[in-house]
Structure formats: C-alpha cells, structure tokens
Amino acid sequence: MVALGAAFSLMPSAQPALHLAAGLSAIAAILLGVRRNRADDRDPWSLLGAAVLASALGVVAYGSDSPRVHQLGAGLLLAAYPALAGVLWIFIRRRTGRVGDRAALLDALILTTGGALLGWTFLLGPRAAAGDWLMFAYPAGDLLCLGVLLRLLTAAGRRVPAGGLLGAGVSVMLVADVGSELGRLSDSVSVLGRFALYAAAGLAALHPSMTELSRPAERTPAEGSRRRLALLGLVAPVVLLTGDPTAVAVLSALMFLLVLARMAGIMRNHRRALARERALREASAALVSAADVEAVADAVRIAVADLLPPGTPHGVVLAMPFAQDEPVSAGAAAQAAVDREAGTVARIVATRDVDWAVQVRLTQFSTALRCPMVLRDRPTTAEPLVGVLHVAAPDDELPGLRRAIEVLAGQAALALERIELVREVARRDSENYFRALVRNTADVILIVDEDESIRYASPSAVRVLGFDPSGKSLPSVLEPAEIVLEVQCSDLRDDPTVAGLVYTLRDVTEQRRLEEKLTHQAFHDAMTGLANRTLFQDRLEHALARGARDGSLVGVLFIDLDDFKMVNDTHGHAAGDALLTEVAKRIARALRADDTASRLGGDEFAALIENVRDPVAVEETATRILTALAEPVVVDGSGLTVTAVASIGITVTPEAAEADELLRQADLALYVAKGAGKNQWRRFESRQHGAMVERVELRSALEHAVHEGHFLLNYQPIVDLSSDRPVGFEALVRWYHPNRGVVAPAEFIAVAEESGLIVPIGRWVLQQALHTVAQWRHVLPADRQPYVSVNVSVRQFRETGFVAEIRAALEAAGVPPHALMLELTESVLTGDQDPVWRDLAELRTYGVRVAIDDVSSPPAGDLTGRPIDVLKIVSAAPDVVELARSLNLTVIAEGVESSAYRDLLAALGCRLGQGYLWSSPVDGTEALSQMAATIVRV
C-alpha cells in the first residue's frame, strides 16, 4: 500500500488505476483476514469491503470527464460514508453487547457537537447558504463517521489493536477530507487519506485481534479518565473560535445540557458507590455474627439487594460443595479446577452455562455474575474452593456490581470457614465423640446372669445385632438367623467385679459369605456366572454315570463366537465383556433346568444336555441357542448394538462313552461348523475326523511355510483395452508345498484368515510386490512404468499400525504411493467397518489407490463418499459399470479370456481388463518382459 501511495504521488497519469488497485488490495486483505482468522461474524467486514470498494470506484469515477460518470462517482463517494459509519456502528453494538453505555454516549455527543459547530461554521453553513447541497453532503458524511468513531473509542472495555488500526485509518481520512474541503490540501494529496483508510482496513482485518471486535467487551463502570476530561474541556475553547454568535449560543445550550446529564451520571455513580460501601459494611457485620450457613446466605441476599438500586429484580444463589458417593463428572471437575486457579474473581456468564441446580433458580435472567469463593491454606480442609456465589440481575446492572460482589464473596468465604472451624472444635470437644472412639469395638461383649438374662451389652451390640440386648435372654438373642455369630464364653462368676458369664460375639457373616463366594468362584466363571471348565467336566462325568445306569443320552455342545476379536478390536474390551455376559444369559435361558451352561474360556462356551432319549433333542437345543443369539445385543450406554454370531459343534453319547472323547468330538464338530460358513451347528460324524486332521495338518504346514518363506508371487497384467498395453499388475501369492507342489490361494487363504496367519503372509506379499515394482521402475521408461495391485484382508487393518506399515514399506522400496493399489473384497462394504474406512481414507490421502474386488452386481453398501478408486468386476454388468461411472470410479474387468468379451466390455465403457486373453499369472521377470515388448495374445 505504501508503494501504491508513492506511485500515486509520482505518476499523475496513472492515479485512477493506482487508486483502484489500492482499494482492491484492501478488499483482498479483508477477505484474506476474514478467512485466516476464521471470523464468525463476517457482516461488518463485508460491509467494510463494500465501503472501500465504493470509495475506490467513487474516486476513480469522480475524476472522469463524463458528467454521468462524474455524478456516479459522487454518489459512490457519498454512499461510502454511511457504509463506513455502519461498520463502526456494528462494532459498537457487538462490543457493548447491545447494552447501553450512557456515559460513553454523552462523551461522544459532546465531542461530536463541538466538531459539528466547527463544521457548520467553516463548511456546512456556507454551503447550505449557497444551496450547494452536494458539497454539503461530504462534510456531513465526515461528521457522521466522526460521531460513530468517537462512540466506538469511548466504549468500555480493553482496547482492541484491530479497532485502533481501523480508527486511525478513519481519522486520517477525515483529516484529509477536511483539509481538502478547506482548501488546505490539494485533491491528489487529500486522496492519500483514502490510501490510509484502505491500508488500515486491510491491516485491521489481517490482525489476529479482528475477531474481538465482534465479541462483547468486559464492561466496567464508565468514569471520566484524565485524557477524556481534558479532551472534553477543549471543546468549549474551540467553540469560541467560531464567528457565528447564533451557533455559539445554540451549541452552548446543547453542551450545557449534555454536561449536566454527564455530571448527573457521575453523581449518581458516586451515590451508588457510597451506598454499596455502606451495604458491604453492614454485610460484614452480619457475616461476623452468622452462626450457620443459612445465616450467611441470608446476609449475602440482603447485601446484594442493598447493592442494587431499589426495586431491581435479582436472584442470588450460594452454591456449596457437598459429599457424594458418585464420582464427580468430568465437566464439574474441570470447572472446579478453573475456579480454584482463578480465585475470587467474578465473571459475567450466560445463565444457561451454570450448573443446572443454579440455573433453575435464575431462569428469568439471561446472564449472571459467577464468583468463586476461594481461600488458600484453609485449616479445616485442603480444598481451597469454599463455594460459588451466583448473582443474576438485569444486564446493565451486572458490570458495575462485579467489584462489590468479589468483596462480598470474600467476606462470605471467611464467614463460612469460621463457622466450619467452630463446628470442628465443638465436635472434637464432644464427650460422645471421644467415647465412641474408646468404646467402639468390632466384637459384642455380653455379661449374662445365672438365669441367662443379659445384664450388660457393649455399645457395638446395637451395630452388630441391630438392637440393644440388655435385659433379654441369651437364647432369644442368639436364635435369629440373619447373621452368623461366632460365640466364645468365659466363666467369670467367681470374679466379684463381673459376677457372671462373659460372652464374646463376633459377626462372621461376611467371612462365611466370602468363603461361599470363593467356593463359587472356584467352580464358576467370574464374568458370566456360568460353570467353569472344572465344574463342567465334573457334571459331565456324573451325567455319563447316570446315563449308563438309566440308558439316557448325554449331549455336549461346544459354542464358539465367530469374529469375537473384531468386537474387541473395534469397540473395546468393555463392549466385548458386555457381549460375553449377554451371550451367557441367552445360552442359559435356551437350556432346560436339568442342563448346564458353561464358559470354557475366552469366547468359548459349552452346554451339557442330560436326560434325553433322542439325539434330535440335542440338535433342537442348538437351534434354540442360535435363535436366541440372533437378536442384537446392546453393548454400551450409547446404544451401540452387536449381533453375536456363533458356531456350534454337537456330539452325543452313542458316539463316545468317555468325557474326554465327547469333548474332543464336540471340538471337531465345531471346526466343521466354522468351515461350513459359521452361524450354524454341525453334529459329529466319524468321517469328519479325517477331514479335521487334514485341516489341522494344513494349518501346521502353513505356519511352517510362513516361518520358512515357502511363498512366491506371480503377476497378471492389467491391460488398457484400447491399446492392449499393460498398465499395471496384480500380485497373486502362491504357496510352494514340499509335497503338494504349488498350492492356489483358494486352498489355504481361509485357513490363514481363521488362524491369523494372513497378517504375516500379507506383510510378505506387500514388501515383495513393492520390491519387484521398484526394480521394474528402474528399468522401464517413465511413460511405461506400471503400478502393482496387492490383495489385503480386513483383518490386516485391525492390526495396530497397519497404515504406518504400508507407508514404511513404500518408503523402504522407494516406490511412490500412486504406484500401489490395495484390493479388498466386497465384504468390507457390510457391517461396522468404520475403523477400516478411516485407515483407507488416510492411505488414499497419502496417494495409495483402493479397489473393491470380485464385484458381480451393484454393491449392497453405499459407495458414496467412500475412499474407493476402482471396482473390479467379474462379469459384464452394465449396471455396475454405470454405477462406477456415476461415482467417477475406474472399472477393471477380470476373467477376460476372449476377444469378443473384450469388445463387449469396451462397448460398455470399461477401460481396463485382466485375464488369460493377454497372459496367465507369471513371475516378475516375465512380467517385465511383457512390459518391454508387445503382448502376444494366448
């Protein structure tokens, strides 16, 4: 802006363009400042930009030779004045919170009146007499801006730097305007005052304090400062400089009235200050004599009523802390910490923001004074916060009440502490207090006469027995069975000081309950209350013995929750525990009274079915359990629901006669149920034994392969259908088995997912694929470098740090993120997968692309807004291609094996394809050769 001003002075021919550039620069600065400082209230800044634009365009148009353009420029210049005044007025309203400040208004009126007389004498009067109303309007606009600016500067509260900058710019513009209108400054020099306004507007918007101009300022009682009184005192001598007697007479009368009003306000404030001082002295005397909290509260209420003008509606609430069993809420604890740190400092707060118990007593008021009562180094407690005093009254009364309320709160805090000290001393001096300490004992001591009547009972008898047994017979005291007593007797009948039997009674009820509880815990699960493995095994053996005697069947059900780890990883262990507890209840309800439900550990349950004659009854029990588990389970207080999915293995005694054999068979049947798709039951069959052994061997071999690295990667090209050129490759893992040879993923991925081995396998695939593609990128030219697509499992995302692992692998291989695409199956679109989507969104932001694999029809889940780039389809589905086009997703067709199918896909708008038409999966070297040469169709 300084450069534009200098250029404006040195380049007369370019002044219109430079002036317009200065205005636009200021508008740009205002827009940048509003955005950078995140201003919530943009209206005054928008109006300020409009005022700057009107001023800049007006100055440029005003200098035009065309009469119409000249008149338009005059209109824009005149419009800039009320717009600028409107900006300042909005800031006044925001800073004062729409609460009037009579003293500041009177000060501004006095100063503006003096300026108005000067303006009338030298500018307004002569132009009004000459009938030049257009030129009359310019100084009138300056006077309007001056009045509003003075009101803003005399407003209460801390000065805001942004407001000072804006006020300085307006002041310079007004001085330049007056100098030009008086003929003291040339037009080109006076226009520089506009440059000052533009610069000030831009700087004010860019300053971080610009948002404070739209926030209510902390109000303080308006009193005349020395600078303000000196400025007001200069008005009368300046008026005498004018030569218009009529104007002097009128203005003197007006100023006399304004000064009287101002002095009346000062006197009223002084009288109020004296009344408040008297009220505080009376309150201090009342608080000194207060004997309890109620008396303190009454004294505070009377004092507040005296501090306010008579008849002013108000409310007073003295909030005191109290002991409670429930933990304090996080919000209340945070507020208490702020109060302790702030000390006895009153703040004006919205009534809706105070505690609800206080709020209901102050609902008729919008704001209230909140003053904590804090005493450091209290002798009665380590808690410095004594209480909080709330005073509500009309908004214009609260600012002047702050200091008095702070003093009153401090006096009330001292009175409350004094009362507490008196109570503490009285309590410690009480004879009953010390007697309770000395005579309080856990055991009951009774002295019994020859006729079994109780002559004496220690004070603890009432606490243990619930009544005073003195005078009653000993058998009647010992008969009730509500408590368990351990009794000891000493014969002191020969002791003259006692002369009776001394019975010592000890309440061992809790001890017996603890023993019973420990016994229960030894044979029951602590979380669910079901029988544990030990008790289940014992009952199974007893059931087998009864079945052998009476010929009844015994059934065993093994129940395992599917994907329970997902619940723990996604929603936390608290949700998992809630799910296990509810599942246990539902299993128990699905059984008969003779049956036994057990939790074996983790997410494994078992059920023992006794006294049945048909195996179908055991199968019906399994069906009832699955039906009971189908209803969603609420796992936390927010209403989050999870559906328990379980697999059940069944066996009955015709298949085995020993407990261990039954358990093993049920376990094998459970694995069969899981392999069949989960959420169903399977009954043990002899032929399943070999299949399960084979599956266990496959899992063991797979674990060995993971440790020994018996995997290899093949790559199948992803081809551009228009040119038959490969643009990328999908990495396909193969397992090299020492006996079975190369094993396809379909044979071992399910076992890897079930056992968790998919995580290390997926890590190896990712690292190997990135290493290979990095080698390709070193060899191939820049326009032929492919990307690699890697299949990942949802389970991998549930591992902590998986996103960081992918980024580290990319950095280690030196491969850019856009050269990697992750493929997930369509199952990610169903269920609660929010953590997976968050990780995918982070990776996509990093540059990694995301594809949904094996799509055959429009997905059931909503794709809108999901971090997805590619849909891989397994059939020519026009609706899927159309869906992808509407979402701006790329489509890759898999399984392309003929030219006709390729042409059909191209006609549907599918751009990329993958399949044996171009190449089967090959190793990395062959894939590089395909990239380096033209692909030959097979």
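None of the values given here were measured: they were computed from a predicted structure. (Residues numbered from 1 in each chain as written. Predicted model: local features only at pLDDT ≥ 70, side-chain atom pairs only at ≥ 80, totals over all residues. Heavy atoms only, no water.)

**Focus: a negative patch on the surface**
Then, number 1: On the surface, Asp538, Glu541, Glu658 and Asp660 cluster together into a patch of negative charge.
Then, number 2: Mapped onto the fold, Glu541 is located in helix α20 (residues 533-550).
Then, number 3: With relative accessibility at 42%, the residue Glu541 sits in the partly exposed group. (Patch = residues over 30% accessible without salt bridge, like charges linked within 9 Å, V, L, I, M, F, W, Y side chains within 5 Å. Areas by Shrake-Rupley, 256 points an atom, 1.4 Å probe, with all protein chains shown as cover. Salt bridge = Lys/Arg side-chain N within 4 Å of Asp/Glu carboxyl O. Lys, Arg positive; Asp, Glu negative; His and termini not counted. Charge placed at Lys NZ, Arg CZ, Asp CG, Glu CD. Helix = DSSP H or I, 4+ residues; strand = E, 2+ residues; numbered from the N terminus. Buried < 20%, exposed > 50% of the residue type's maximum accessible area, 1.4 Å probe, protein only.)

**Overview of the sheet that holds strand β4 (residues 385-392)**
Hydrogen bonds between backbone groups are what pair the strands of a sheet, and the pairing can be parallel or antiparallel.
Then, number 1: One open sheet accounts for four strands, arranged β1-β4-β3-β2; its pairing is antiparallel. In this open sheet, the two edge strands, each paired with only one partner strand, are β1 (315-319) and β2 (347-350). Across this sheet, the average inter-strand angle for adjacent strands is 25 degrees, counted without regard to direction.
Then, number 2: Bridging between β2 and strand β3 (residues 367-374) involves four bridges; their strand directions are antiparallel. In the sheet register, Val349 faces β3, and the bridge partner there is Ala368.
Then, number 3: Seen against the sheet, helix α12 (residues 293-307) touches β1 and β4 and runs at an angle of roughly 150 degrees to β1.
Then, number 4: Its contacts with the sheet place helix α13 (residues 330-342) against β2, β3 and β4, and it is angled at close to 70 degrees to β3. (Pairing = 2+ DSSP bridges. Axes fitted to C-alpha atoms, helices over the stretch in contact; angles between N-to-C directions. Contact = heavy atoms within 4.5 Å.)

**Examining helix α7 (residues 161-181)**
Then, number 1: Spanning 21 residues, α7 covers 30 Å between terminal C-alpha atoms, matching the ideal 30 Å at 1.5 Å per step.
Then, number 2: Among the residues making up α7, those that are buried are Ala162, Gly163, Leu166, Gly167, Gly169, Val170, Met173, Leu174, Ala176, Asp177, Gly179 and Glu181. (Expected span 1.5 Å × (residues − 1).)

**Section: the environment of Ser180**
Then, number 1: On the secondary structure map, Ser180 appears in helix α7.
Then, number 2: For Ser180, a relative accessible area of 22% corresponds to the partly exposed category.

**Details of the UniProt feature "transmembrane region" (unreviewed entry) in the protein chain**
Then, number 1: Mapped onto this numbering, the UniProt entry gives "transmembrane region" (unreviewed entry) at residues 17-34, 46-63, 69-92, 104-123, 135-153 and 229-261.
Then, number 2: End-to-end, the C-alpha atoms of residues 69-92 are 35 Å apart, and along that stretch the chain is 100% helix and 0% strand. (UniProt positions renumbered as here; feature names shortened; annotations may be inferred.)

**Comments concerning the pairing of strand β17 (residues 725-737)**
Then, number 1: Counting buried residues along β17, ten of its 13 residues qualify, which places the element largely inside the surrounding structure.
Then, number 2: Note: strand β16 (residues 711-720) against β17, ten bridges, orientation antiparallel. Each bridged residue has a counterpart across the sheet, and for Asn714 the counterpart in β17 is Leu732.
Then, number 3: Between the antiparallel neighbours β16 and β17 lie four residues, among them Asp724 with a positive phi of about 55 degrees.
Then, number 4: The sheet contact formed by β17 and strand β19 (residues 787-791) spans four bridges and is parallel.

**A short note on the nonpolar core**
Across soluble globular proteins, nonpolar side chains show a tendency to be buried alongside one another.
Then, number 1: Grouped together as the largest cluster of nonpolar side chains are 73 residues, with contacts concentrated most on Leu702, Tyr715, Leu770, Val788, Phe797, Leu820 and Leu824.
Then, number 2: By residue number, the principal contributor to this core is helix α27 (residues 758-779), which donates ten residues.
Then, number 3: Leaving out residues up to four positions away in the same chain, Leu702 has contacts with Phe711, Trp735, Phe748, Val751, Ala752, Leu757 and Ile761.
Then, number 4: Counting residues in each nonpolar core, the second largest holds 39 residues, with Leu48, Leu77, Phe91 and Phe195 among its members. (Core = buried A, V, L, I, M, F, W, Y, C linked by side-chain atoms within 4.5 Å.)

**What about the side chain of His737?**
Then, number 1: Examined against the element boundaries, His737 turns out to sit in strand β17.
Then, number 2: For His737, a relative accessible area of 11% puts it in the buried group.
Then, number 3: The contact partners of His737, leaving out residues within four places of it in the chain, are Ala701 and Val743.

**Description of the environment of Ala286**
Then, number 1: With respect to the helices, strands and loops of the structure, Ala286 is situated in helix α11 (residues 245-289).
Then, number 2: Taking the C-alpha atoms as reference points, Ala286 and Val296, separated by ten residues in sequence, lie 7.9 Å from one another.

**Considering the confidence of the model for the protein chain**
Any residue range with low pLDDT should be treated as having predicted coordinates unsuitable for detailed reading.
Then, number 1: In the predicted model, the protein chain carries a mean pLDDT of 79, and the fraction of residues at 70 or more is 82%.
Then, number 2: The weakest mean pLDDT in the protein chain belongs to helix α9 (residues 226-233) at 48; the strongest belongs to β19 at 93. (pLDDT = per-residue confidence, 0-100.)

**What about the packing of aromatic side chains?**
Two measures describe an aromatic ring pair: the distance that separates the ring centres and the angle between the ring planes.
Then, number 1: Tallied over the entire structure, the rule returns four aromatic pairs.
Then, number 2: An angle of 70 degrees between the planes, with centres 5.2 Å apart, marks the rings of Tyr715 and Trp776 as edge-to-face. On the criterion of sequence distance, the pair formed by Tyr715 in strand β16 and Trp776 in helix α27 is long-range, its members being 61 residues apart. Residue Tyr715 shares its accessibility class with Trp776, and that shared class is buried.
Then, number 3: An aromatic cluster is present here, built from Tyr715, Phe729 and Trp776 joined pairwise through their rings.
Then, number 4: If you follow Arg807 out to its NZ or CZ, it ends over the ring of Tyr846, 4.1 Å from the centre.
Then, number 5: Over the face of the ring belonging to Tyr787 we find Arg849, whose NZ or CZ atom lies 4.1 Å from the ring centre. (Phe/Tyr/Trp six-rings, centres within 6.5 Å; stacked < 30°, edge-to-face > 60°. Lys NZ or Arg CZ within 6 Å of the ring centre and 35° of its normal.)

**Concerning unusual backbone geometry**
Then, number 1: Within the chain, Asp724 stands out as a residue other than glycine whose phi angle is a positive 55 degrees.
Then, number 2: Position of Asp724 relative to the elements: it lies in the loop between β16 and β17.
Then, number 3: Non-glycine residue Asp854 carries a positive phi angle of around 60 degrees.
Then, number 4: Tracing the backbone through its elements, the reader meets Asp854 in strand β21 (residues 849-855).
Then, number 5: Owing to a relative accessible area of 41%, Asp854 belongs among the partly exposed residues under this scheme.

**A short note on the packing of α20 against helix α24 (residues 659-675)**
Then, number 1: Following both chains from N to C, one finds α20 and α24 inclined at 115 degrees, their axes separated by 10 Å at the closest point. Comparing the axis directions of α20 and α24 gives the class roughly perpendicular. Crossing geometry of α20 relative to α24 is assigned as right-handed. Residues Phe536, Gln537, Leu540, Glu541 and Leu544 of α20 pack against Ala659, Asp660, Leu662 and Leu663 of α24.
Then, number 2: When grouped by side-chain class, the residues that make up the contact of α20 with α24 number six nonpolar, one polar and two charged. (Parallel < 35°, antiparallel > 145°, perpendicular 65-115°, else oblique. Left-handed = near helix turned anticlockwise from the far one by under 90°. Nonpolar A, V, L, I, M, F, W, Y, C, P; charged D, E, K, R; others polar.)

**Things to note about the pattern of salt bridges**
Then, number 1: Tallying each qualifying case throughout the model produces 24 salt bridges.
Then, number 2: A salt bridge links Arg902 to Asp724, with the shortest nitrogen-to-oxygen separation between them at 3.3 Å. Highlighted residues: Arg902 in helix α32 (residues 899-908) and Asp724 in the loop between β16 and β17, separated in sequence by 178 residues.
Then, number 3: The class for Arg902 is buried, based on a relative accessible area of 12%.
Then, number 4: Classification of Asp724 by relative accessible area gives buried; the value is 18%.
Then, number 5: Taking the shortest distance from any N to any O, the salt bridge between Asp903 and Arg902 comes out at 3.4 Å.

**Let's talk about the sheet that holds strand β11 (residues 604-612)**
Then, number 1: Across the sheet, which stays open at both edges, the five strands sit in the order β10-β11-β9-β14-β15 with mixed pairing between neighbours. The open sheet has two edge strands with one neighbour each: β10 (596-601) and β15 (681-683). For this sheet, the mean angle separating the axes of adjacent strands, direction not counted, is 20 degrees.
Then, number 2: Here β10 pairs with β11 via five bridges, running antiparallel. Counted as the bridge partner of Ser598 is Ala606 from β11.
Then, number 3: Helix-sheet contacts for α20 involve β9 (553-561), β10 and β11, and the interaxial angle to β11 is about 20 degrees.

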